[in-house]
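Residue-level listing of the chains:
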Amino acid sequence: MGMDLYAGTLTRYYARNWKTSTQQWAEENGYSYNRIGPDGPMEQEEKPDPEEVRSSMEEWRDSILAVLKNSGVESPSWPENNEAPYYTDKPDWDAWLALILTAACAITGETVPPTVEKGWGDDLWDLPVIQKAQEERKWGLLNGAELWLPFPDRFCFDCPNPLGNPVTIGTIGGILYELEELNRLLWKAEEDEILSWTTTEGYPPDGEIGPDGKMHQITVHTTYDTLSLAKFAYSILYRAARFSQENQVPILLDY
């Protein structure tokens, strides 16, 4: 199962009024594309009513704000609608987990493994370096956050998401701080360089588009450069966090 990163209103996300980066590319280049969910192609499912979704998202948002307020944490609200712009890109699991592993190694002083295998991350959370890093830093990224709310303060908490599934929730202030710290520890890269990593780093191409407009396979890669994957995922998350901060919208993992 693949993984995308989405930054935008929860209404637009759960109303399915958005397209993944792969879907956008396919449509722009004349390819058919179907998103496959647990019950089959998502395009064949009836989309929920956007107004009903918006009402549900506002209710969920307000309940979160009320719980935080009762705990002594005053956090700002954010707008929910089905029209606001969104940002999305596809780090996929191998790069996303490489980012988490790299962050853990940077914090603990461990050496980042030079390579990872395709589909490598099933035992990530059991690795001693991850557990040691979790003890040293209470970062949402290191604790498996799947949703970040547009709050400036740094904290994370466990809570049901809008579908009632338990998740770890972080904040935009928190993830921006974590990304800044990771960059300071490892790369000390300027923003222009960070933004370039979505095109200069990541997965090596398995194929290329030929003059006939068809995909021609070169090779199937099963081993990846860990730091290159981490930089690729970092750049996508950095873009999403900046977009979230500027537009006051959440970020969530889609898989």
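See the structure shown above.
Predicted, not measured: the structure shown is a model, and the values here were computed from it.

**Q** Would you explain the overall build of the chain in this entry?
**A** Assigned secondary structure in the chain consists of eight helices and twelve strands. Every one of the 255 residues in the chain was classed for burial, and the buried ones make up 47%. Counting only contacts in the chain whose residues sit at least 6 apart along the sequence, the fraction spanning at least 24 positions is 71%. Of the accessible surface of the chain, which amounts to about 13200 Å², a share of 48% is contributed by carbon and sulfur atoms.

**Q** Which parts of the structure should I look at to understand helix α8 (residues 226-247)?
**A** In an α-helix, one turn spans 3.6 residues; hence positions three or four apart end up facing the same way. The terminal C-alpha atoms of α8 lie 31 Å apart, and with 22 residues this matches the ideal 32 Å at 1.5 Å per residue to within 8%. Burial analysis of α8 places 16 of its 22 residues in the buried class, which makes it a mostly covered element. Here α8 starts with a cap whose side-chain oxygen sits 3.1 Å from the backbone nitrogen of L227, and that cap is D225. At the exit of α8 stands Q248, carrying a positive phi of roughly 55°.

**Q** In this structure, what is going on with the pairing of strand β7 (residues 157-160)? I would like to understand it.
**A** It is a general feature of regular strands that their side chains alternate between the two faces of the sheet. What you see with β7 is a clean split: F157 and C159 sit on the buried side and D158 and P160 on the side with no burial. Two strands pair when backbone bridges link them, and β7 and strand β8 (residues 166-171) are joined in this way by four bridges, in the antiparallel orientation. Bridge pairing links P160 to P166 in β8. Once β7 ends, the chain turns through five residues before running back antiparallel as β8, passing G164 with a positive phi of about 90°.

**Q** Would you take a moment to explain the environment of T102 for this structure?
**A** Its place among the elements puts T102 in helix α4 (residues 92-108). Through-space distance from the C-alpha of T102 to that of I130 is 9.6 Å; in sequence the pair is 28 residues apart. Once residues within four sequence positions are removed from consideration, T102 is found in contact with V112, L182, L186, W187, T226, L227 and A230.

**Q** Even after reading the chapter, I still don't get the environment of Y203, so can you show me in this structure?
**A** Inspection of the secondary structure assignment puts Y203 in the loop between α7 (191-200) and β9 (207-209). Y203 sits 21 residues away from Y224 along the chain, and the two C-alpha atoms are 6.9 Å apart. Not counting the four nearest positions on each side in its chain, Y203 is found in contact with P91, D92, W93, D94, A95, Y224, L229 and F232. Engagement of the side chain of Y203 in a polar contact is seen with the backbone oxygen of P91, the distance being 2.7 Å.

**Q** Explanation requested: helix α3 (residues 50-70) in the structure shown.
**A** The end-to-end C-alpha distance of α3, which contains 21 residues, comes to 30 Å, matching closely the 30 Å that a straight helix rising 1.5 Å per residue would cover. For α3, the set of buried residues is V53, M57, W60, R61, I64, L65 and L68. The buried residues of α3 occupy an angular sector of 135° when projected down its axis, which confines them to one face. Every exposed residue of α3 that faces more than 90 degrees away from the buried side is listed here: E52, E59, K69 and N70. Buried residues belonging to α3 abut α1 (10-14), β6 (147-149), β7 and β8. Where α3 starts, the residue carrying a side-chain oxygen 3.1 Å from the main-chain nitrogen of E51 turns out to be D49. In the stretch just after α3, G72 is the one whose phi turns positive, near 90°.

**Q** What am I meant to see in the sheet that holds strand β4 (residues 87-89) here?
**A** Strands belonging to one sheet form pairs held by backbone hydrogen bonds; the direction of such a pair is parallel or antiparallel. What the six strands build is an open sheet, ordered β4-β1-β12-β6-β8-β7; its pairing is mixed. Sheet topology places β4 and β7 at the edges, where each strand pairs with a single neighbour. Across this sheet, the average inter-strand angle for adjacent strands is 30°, counted without regard to direction.

**Q** I would appreciate a short explanation of a negative patch on the surface in the present structure.
**A** Taken together, the side chains of E190, E191, D192 and E193 make up a negatively charged region of the molecular surface. In this fold, E193 is placed in helix α7.

Conventions and cut-offs
Residues numbered from 1 in each chain as written. Predicted model: local features only at pLDDT ≥ 70, side-chain atom pairs only at ≥ 80, totals over all residues. Heavy atoms only, no water. Helix = DSSP H or I, 4+ residues; strand = E, 2+ residues; numbered from the N terminus. Buried < 20%, exposed > 50% of the residue type's maximum accessible area, 1.4 Å probe, protein only. Contact = heavy atoms within 4.5 Å. Areas by Shrake-Rupley, 256 points an atom, 1.4 Å probe, with all protein chains shown as cover. Expected span 1.5 Å × (residues − 1). Polar contact = N/O pair within 3.5 Å; in protein donor to acceptor, adjacent residues only side chain to side chain. Pairing = 2+ DSSP bridges. Arc of directions from axis to C-beta. Axes fitted to C-alpha atoms, helices over the stretch in contact; angles between N-to-C directions. Patch = residues over 30% accessible without salt bridge, like charges linked within 9 Å, V, L, I, M, F, W, Y side chains within 5 Å. Salt bridge = Lys/Arg side-chain N within 4 Å of Asp/Glu carboxyl O. Lys, Arg positive; Asp, Glu negative; His and termini not counted. Charge placed at Lys NZ, Arg CZ, Asp CG, Glu CD.

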